[in-house]
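Chain residues, written in single-letter form:
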Amino acid sequence: MTNDCWNQIGVGGDRSCPELKTFIHCRNCPVYSAAGRSLLEKEVPSGYLQEWTDLLRSSVGSLNRVAPRGTISVGIFRLEGEWLALSAKTIEEVTQACVIRTLPHRTNNIILGLVNIRGEIQICISLKTFLGLDTPDTQLQHISPVVYERMIVVEKDGSRWVFPVDEIYGIHRIHPDEIGNVPSTVSKVQETYTKGVIKWQDKSVSYLDDELLFYALTKKLL
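Residues numbered from 1 in each chain as written. Predicted model: local features only at pLDDT ≥ 70, side-chain atom pairs only at ≥ 80, totals over all residues. Heavy atoms only, no water.

**Regarding helix α7 (residues 210-221)**
Alright, step 1. Between its terminal C-alpha atoms α7 stretches 16 Å, which fits the 16 Å expected from twelve residues at 1.5 Å a residue.
Alright, step 2. Taken together, the buried positions of α7 are occupied by Asp210, Leu213, Phe214, Ala216, Leu217 and Leu221. Along the axis of α7, the buried positions cluster into a sector of 165°, meaning they face one direction only. Within α7, the exposed residues directed more than 90 degrees away from the buried face are Glu211, Tyr215 and Lys219.
Alright, step 3. Here α7 starts with a cap whose side-chain oxygen sits 3.1 Å from the backbone nitrogen of Glu211, and that cap is Asp209. (Helix = DSSP H or I, 4+ residues; strand = E, 2+ residues; numbered from the N terminus. Expected span 1.5 Å × (residues − 1). Buried < 20%, exposed > 50% of the residue type's maximum accessible area, 1.4 Å probe, protein only. Arc of directions from axis to C-beta. Polar contact = N/O pair within 3.5 Å; in protein donor to acceptor, adjacent residues only side chain to side chain.)

**Considering the packing of aromatic side chains**
Alright, step 1. Applying the stated rule across the entire model yields four aromatic pairs.
Alright, step 2. Arranged with centres 5.2 Å apart and planes meeting at 40°, the rings of Phe130 and Tyr193 form a pair that is tilted. Of this pair, Phe130 sits in helix α5 (residues 127-130) while Tyr193 sits in the loop between α6 (188-192) and β10 (194-200), placing them 63 residues apart in sequence. The pair formed by Phe130 and Tyr193 is uniform in burial state, with each residue classed as buried. (Phe/Tyr/Trp six-rings, centres within 6.5 Å; stacked < 30°, edge-to-face > 60°.)

**So, the environment of Glu92**
Alright, step 1. If you trace the backbone, Glu92 turns up in strand β3 (residues 91-96).
Alright, step 2. Remark: the alpha-carbon pair of Glu92 and Val162, spanning 70 residues in sequence, is separated by 9.8 Å.
Alright, step 3. If near-sequence neighbours (up to four positions away) are discounted, Glu92 is found in contact with Val153, Val154, Glu155 and Arg160.
Alright, step 4. In terms of polar contacts, Glu92 uses its side chain to reach the side chain of Arg160, at 3.0 Å. (Contact = heavy atoms within 4.5 Å.)

**Quick notes on the pattern of salt bridges**
Alright, step 1. In total, this model carries seven salt bridges according to the counting rule given.
Alright, step 2. When the shortest N-O distance is used, the salt bridge between Asp166 and Lys128 registers 3.1 Å. A residue pair is termed long-range when its members are at least 10 positions apart, and Asp166 in the loop between β7 (159-165) and β8 (167-174) and Lys128 in helix α5 qualify at 38 residues.
Alright, step 3. Judged by relative accessible area, which is 16%, Lys128 ranks as buried.
Alright, step 4. Among the ionic pairs, Glu211 bridges to Lys156, the shortest N-O distance being 3.4 Å. Taken as a pair, Glu211 in helix α7 and Lys156 in strand β6 (residues 150-156) lie far apart in primary sequence, 55 residues in all. (Salt bridge = Lys/Arg side-chain N within 4 Å of Asp/Glu carboxyl O.)

**Quick word on the sheet that holds strand β9 (residues 179-180)**
Alright, step 1. Ordered by their spatial adjacency, six strands build an open sheet running β8-β1-β2-β11-β10-β9, and the pairing between neighbours is mixed. This sheet does not close on itself; its edge strands, each paired only once, are β8 and β9.
Alright, step 2. Sheet analysis places β10 next to strand β11 (residues 203-208), joined by six bridges and oriented antiparallel. Bridged to Gly196 within β11 is Tyr207. (Pairing = 2+ DSSP bridges.)

**What to know about the pairing of β7**
Alright, step 1. The element β7 is extensively covered by neighbouring structure, given that five of its seven residues are classed as buried.
Alright, step 2. Alignment of β6 against β7, held across seven bridges, turns out to be antiparallel. For Lys156, the partnering residue across the bridge sits in β7 and is Ser159.
Alright, step 3. The turn joining β6 and β7, which pair antiparallel and follow one another in sequence, is formed by two residues; a positive phi near 50° is taken by Asp157.

**A word on the state of the cysteines**
Two cysteines whose sulfur atoms are joined by a covalent bond form what is called a disulfide.
Alright, step 1. On inspection of all chains with the given rule, the structure shows zero disulfides.
Alright, step 2. Here Cys29 is not disulfide-linked; the sulfur of Cys5 is the nearest cysteine sulfur, at 6.2 Å.
Alright, step 3. Since its relative accessible area comes to 13%, Cys29 is described here as buried.
Alright, step 4. Looking at Cys98, it has no disulfide partner, and the nearest cysteine sulfur is the one in Cys124, 7.0 Å off.
Alright, step 5. On the accessibility criterion, Cys98 (29% relative accessible area) is partly exposed. (Disulfide = S-S within 2.5 Å.)

**A look at the confidence of the model for the protein**
Alright, step 1. Model confidence for the protein is summarised by a mean pLDDT of 81, while 74% of its residues fall at 70 or above.
Alright, step 2. The secondary-structure element of the protein with the lowest mean pLDDT is helix α4 (residues 48-64), recorded at 59, while β7 shows the highest, at 95. (pLDDT = per-residue confidence, 0-100.)

This is the structure we're talking about:
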């Protein structure tokens, strides 16, 4: 069982741990360091390598093919029961879910905290909360029998954000003519940032307006 005492009696909890007098902060404590090493040393989940092999094979094959004129590339991912897409140009990296360091005295429930992405500290947000998608869908159908949470790093015009996703498909190429109008059944919050709907694998994927999304995130959170 994982000892997450830092969230119980440490800086993330009630601060009753007597070791705080010595180490000041949990990150200086050997218990915290040992927990971090255990995460790095644990075995790769069953099916993880095969999943990424298939995903990379598909992506490389897509890149090697000559793109039909006029098509655009989008990254498709899932938040709760909603499938969403963003312009592939904004997706900088997809990583495994990593530890989120919460910020003290945080009042904004959209900002989850800070994450370490390849040695750089980035702001991690809850895109599902920002879009109002916090209601789980019990009728959910996965695109893969092996589903892992991921984190997506997005960047546009110098603004960079990281957010967790419940599932990711990868890159998909579409023609602008395939983007349909936003139906009235789309939630008002999501509709604000959705510029169209893509039909994909018998699913309706909300194509997010990256210009408006990045503008709103920067304006509201920074």
